[in-house]
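# Survey of secondary and tertiary structure
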Amino acid sequence: MAPDPLTPPLTPPRRRALTDLRAKSRPRHDPERLTTHLRTVHAAVAQLEARIGATGVMATEPLFWTLVRIAALLHDAGKIAELFQRQLEPGGTPWGERHEVLSLAYVDLLAPTAGLSGEERLLVATLVASHHRPLHSASSVGGGKPALSRQYNEQTRWDEAFGHLHGPDGRRPQVPRGLHQELLAWLAGFLGTEPAPPGPKEPGLAERARLLLHDVLAAWRLPVKAHRGLLAVLAQGALTLADHAGSAHVDLQTHMPLPTDYLARLPYPPHRHQHDAGATVGHLVLVAPTGSGKTEAGLAWAARQLETMSGLPRLVWTLPYRASLNAARRRFQKTLHPAAGEREPDIGLLHGALARTLLTEALEDDCCSPTQDDARKARARANAMRLFTQRVRVATPHQLLAAAIAGPTHSSALLEQANSLFVLDELHAYDPETFGRLCASMRLWEQLGSRIAVLSATLAPPLLAIVDESLQQPVTCHRAAPGTAPVRHRLVVDERPLKDAESIGRLEGGLEEGHSVLVVVNTVATAQALFTALADHARQHRPDDQDAALLLHSRFRNKDRDAIEDRLLRRHPERRPDELRCRGGLVVATQAVEVSLQLDFDRGAVENAPVEAVAQRAGRVNRRGLHPDGAVEFRVHRTESHRPYDQGAVDAAWSALTTLVAEGVTTLSEEDIDRLLALAYDTDWGRRWEDRARQARDGFTAEFLTFTDPFHDRTEHARSLGERFDTVEVLLEEDAEEYRQLAVGKDADPLLAAGLLIPLRFGQLKTYNARFDRALGVHRINGRYDSVLGLRPPAEPETIL
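The following refers to the structure shown. What you see is a predicted model, and the numbers here were worked out from it, not measured in a lab.

In terms of regular secondary structure, the chain is built from 30 helices and 20 strands. For the chain, contacts bridging at least 24 residues in sequence account for 78% of all contacts bridging at least 6.

What follows is the structure, encoded as structure tokens:
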């Protein structure tokens, strides 16, 4: 770029040696050397290769990891530029150019001596050029930071950008010849080759960068074949993840908390379905009743796969609700095995909004003079690596599907889905669109060499058929044997709503009789209102019990909900065979109670919901059939509104329940639940559900998972994906400063920061007048909140009496 006439001319550059070149501005006392950083990132690629190996689609490119390693060595070579080095110094002026573009000159110089073909050279150059910015904008506007094609074009003055700088004694090269030759020799030596001798009319570094960037931009301007695009995105993910790891100086864990002999370590003889799951190699569908050890069966399956897969596979356990993640993590911490010297196993978990913020900040250049902001970026980078380092992680599907956005920010998450084990717990809980997108993702995971297990207490035949047809490899289906769970419930279908005075009187009567009562409703507002109406009555009958009445729903701060779940698990654990007394106490909850919480109640009263949700709610009442009364009452009340569920799903469930009762059925056994599923899905609604799921699967594949434009800016895809999942996390204004300190402050702790976030539906942002804080990467709201009731509606709350 032309020198600014108002800026004093640059002082003459001091003579630098290779050991003087820095890659970072930190640590302040001795910033990281360029050669050290390149070696570290190169070594991080080896860790990734050891974990993932040549699996799935990557096995079709034998040189995949070799090319990524070469790109890792060369990706920051352009930081040799004098103005880049000066901007790292205290008080340094930003250079304004992209170092990765100048790095292309070194790709051009070393590709022939490394024996790369034209196509291989192009891929290495693509990875180097795209590890911070997209190559092309998705539109004329572009959603994120400027794409390289917008910053470098026919108007660019290449010699001023990368060739020479202006000083008091005239023009000087940005890269002094001696320093250039020293770096070139070091790079060539690392590659095990010799740099080619310069010819008489060799182009300069700026010209080499210009020509190769032109080739790279041209190669990816138009759509490419899906196979080529997917390989390129995975390679980009490998480089960016290695760069994250190298910059954060974090190693990938090799210890697997799940032992391969997991099944043999169970403290009881395995059930037949657990043994079958643990003997299965390949994809699995397991259908077993709540309380029969589905989680243990899923872990047994995963342990078996570890013996039959190459590399160091990762286990990713997915759950339908964010509210379930912490409970699952705590359960794995208690039952799996820590690494040597650790007190408990390191189980990965990070909530969506903060994960996206950390990933974005980790990608930011730490290429300016050292500042407090630079320190924040370094902490964000280290914390972002916690998304990838552990070998066991719990997540929601939305967090996994965000990898489909790809690009420099998310391609690393996509790569981490290769050679992995995915356990989709309670797959039935999703709407048809989410279910379809998950099936599309299963298809992609299979392409990446991963294996999938689906666990559910209630998987209707149409859902099983869609899973099976979405995968190319065989899917083994196991069902728990009849009678695995005893008959636990006496089914009562009640036309009166739960908010009806007579219904509330019945609940009060159950509390007076000493029963522990679970009430599950469909909306947070109803849960808050019912809890307000019943809590004092429950406390009157348990005056010395601080947990006599508890409320659980998704609209608590994550940390408050974690505390409530701990209290729930202590107060209402699974009943022991020798426990003969009634427990007393009240719990009012929404669907947040349906997954991962091993709770047990004497009586249950729930609002009608989709059949699968009704069955899950029943699974928290007399969970193992050990109640001294035998089968206990489980009452399903008709609802006045279908929200938040689909009207057809709620109507189909009610029709199935009333049909079952009309047929004289008074229990809710495994066979009865199968009958309910068959009745609900053999309706016009059920057939529409199947059609919508398949359309969502195929549409998501076409829009997000083909990668025919792998290096275009996909920021708009991120917004679209968030809206489609109708999920978002918000921050109370009163918590903003604490969140800032925990998220990016000096003593940052991402898990503690995530504890301040509150899940909402995307459509509710307007209701709470949310505003997006770009600095924190999260929506902020003003809301009425307390740790007992959670976030209250902006309007006057719903009342019962």
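Let us keep going from here.
This paragraph deals with the packing of aromatic side chains. Under the defined criterion, the tally for this structure stands at 14 aromatic pairs. Ring centres 5.4 Å apart and planes at 40° place the aromatic pair W186 and F190 in the tilted group. Here the residue W186 and the residue F190 both occupy positions in helix α8 (residues 177-191), the gap between them amounting to four residues, near one helical turn. Measuring from centroid to centroid gives 5.1 Å for W317 and F332, while their planes differ by 70°, and the two rings are edge-to-face. Here F332 lies in helix α13 (residues 325-335) and W317 lies in strand β4 (residues 314-318), a separation of 15 residues in the sequence. In this structure, R228 is placed above the aromatic ring of W220, and the distance from its NZ or CZ to the ring centre is 4.4 Å.

Taken in spatial order, the six strands of this open sheet run β5-β4-β6-β7-β3-β8, and their pairing is parallel. Every interior strand has two partners, whereas the edge strands, β5 (392-395) and β8 (475-479), have only one. Ignoring strand direction, the axes of neighbouring strands in this sheet form an average angle of 15°. Pairing between strand β3 (residues 283-287) and β8: five bridges, direction parallel. Of the residues in β8, the one forming a bridge with H283 is V475. Against the sheet, α13 touches β4 and β5, its axis set at about 160° to β5.

What follows concerns helix α22 (residues 524-540). Over its 17 residues, α22 extends 24 Å from the first C-alpha to the last, a length consistent with the 24 Å expected when each residue adds 1.5 Å. L534 marks where α22 bends most, by close to 40°. Turning to α22, its buried residues number three or more, namely V524, T526, A527, Q528, A529, L530, F531, L534, A535, H537 and A538. Residues of α22 that are buried make contact with α21 (501-512), β10 (517-520), β11 (549-552), β12 (586-589), β13 (603-607) and β20 (790-791).

Residues A549 and L551 of β11 are buried on one face, and the alternating residues L550 and L552, pointing to the opposite face, are buried as well. Bridging between β11 and β12 involves four bridges; their strand directions are parallel. Bridge pairing in β12 links L552 to A589. Taken together, β11, helix α23 (residues 558-571) and β12 form a β-α-β motif whose crossover is right-handed.

Before going further, it helps to examine the pairing of strand β15 (residues 728-732). Taken across its five residues, β15 has five buried, putting it largely inside the fold. Residues of β15 alternate between two faces, with V728, V730 and L732 on one and E729 and L731 on the opposite face, all of them buried. Examined bridge by bridge, β15 and strand β16 (residues 758-760) share three bridges and lie antiparallel to one another. Bridged to E729 within β16 is P759. Bridge analysis of β15 against strand β18 (residues 778-781) gives three bridges, and the strand direction is parallel. Within β18, the position partnered with L731 by the bridge is R780.

This next bit is on helix α25 (residues 647-662). If you check α25, its first and last C-alpha atoms are 22 Å apart, about what 16 residues at 1.5 Å a residue would give, namely 22 Å. If you check which residues of α25 are buried, you get G648, A649, V650, A652, A653, W654, A656, L657 and L660. Structurally, α25 contributes buried residues whose contacts are with β9 (489-494), α24 (611-618), β14 (632-637), α26 (670-681) and α27 (684-704). Sitting at the head of α25, D646 places a side-chain oxygen 2.8 Å from the backbone nitrogen of G648. The positive-phi residue at the C-terminal boundary of α25 is G664, with phi of around 90°.

Pairing within the open sheet is parallel, and its six strands lie in the order β9-β14-β13-β10-β12-β11. Two strands close off the open sheet at either side, each with one partner strand: β9 and β11. Along the sheet, successive strands turn relative to each other by an average axial angle of 15°, direction set aside. α22 rests against β10, β11, β12 and β13 of the sheet, and its axis sits at about 165° to β11.

Another aspect to go through is the nonpolar core. Of all hydrophobic cores here, the largest spans 98 residues; its most connected members are L427, F435, M442, V454, V467, V519 and F634. For this core, the element with the most residues is α25, which contributes eight residues. Membership of the second largest hydrophobic core comes to 94 residues, among which are V41, I70, L127 and F704.

Cut-offs used in this document
Position numbers for residues start from 1 in each chain and track the written sequence from start to end. Residue-level local features of this predicted model are given only where pLDDT is at least 70; pairs of side-chain atoms are given and counted only at 80 or more, and the full residue set underlies all totals for whole chains, interfaces and linings. By convention in this description, side-chain values take in all heavy atoms of the structure and omit both hydrogens and water. Strands are runs of DSSP state E lasting at least 2 residues, helices are runs of H or I lasting at least 4, and numbering of each runs from the N terminus. It only takes one pair of heavy atoms within 4.5 Å for two residues to be counted as in contact. The rule is short: rings of Phe, Tyr and Trp, with Trp giving its six-membered ring, pair when the centres are within 6.5 Å, and they are stacked under 30 degrees, edge-to-face over 60, tilted in between. For a lysine, the NZ atom is tested; for an arginine, the CZ atom; a charge sits over a ring if that atom is within 6 Å of the ring centre and within 35 degrees of the ring normal. Two strands qualify as a pair provided that DSSP identifies no fewer than 2 bridges between them. To define axes, lines are fitted to C-alpha atoms, for helices over the stretch in contact only, and angles between the resulting N-to-C directions are given on a 0 to 180 degree scale. In this scheme, a helix's expected span is set at 1.5 Å multiplied by one less than its residue total. The reported bend at a residue is simply the angle between two axes, fitted to the 7 residues ending at it and to the 7 residues beginning with it. Each residue is assigned to one of three classes by its accessible area relative to the maximum for its type, calculated with a 1.4 Å probe on protein chains only: buried under 20%, partly exposed between the two thresholds, exposed over 50%. Every crossover in which the path from the first strand over the helix to the second runs clockwise, viewed with the strands pointing away from the viewer, is termed right-handed. Polar contacts, as counted here, are pairs of nitrogen or oxygen atoms within 3.5 Å of one another; within protein the pair requires one atom able to donate a hydrogen and one able to accept it, and residues that are adjacent in sequence qualify only if both atoms are side-chain atoms. In this description, a nonpolar core means a group of buried Ala, Val, Leu, Ile, Met, Phe, Trp, Tyr and Cys residues linked to one another through side-chain atoms lying within 4.5 Å.

Just distances and angles here, no functional claims.
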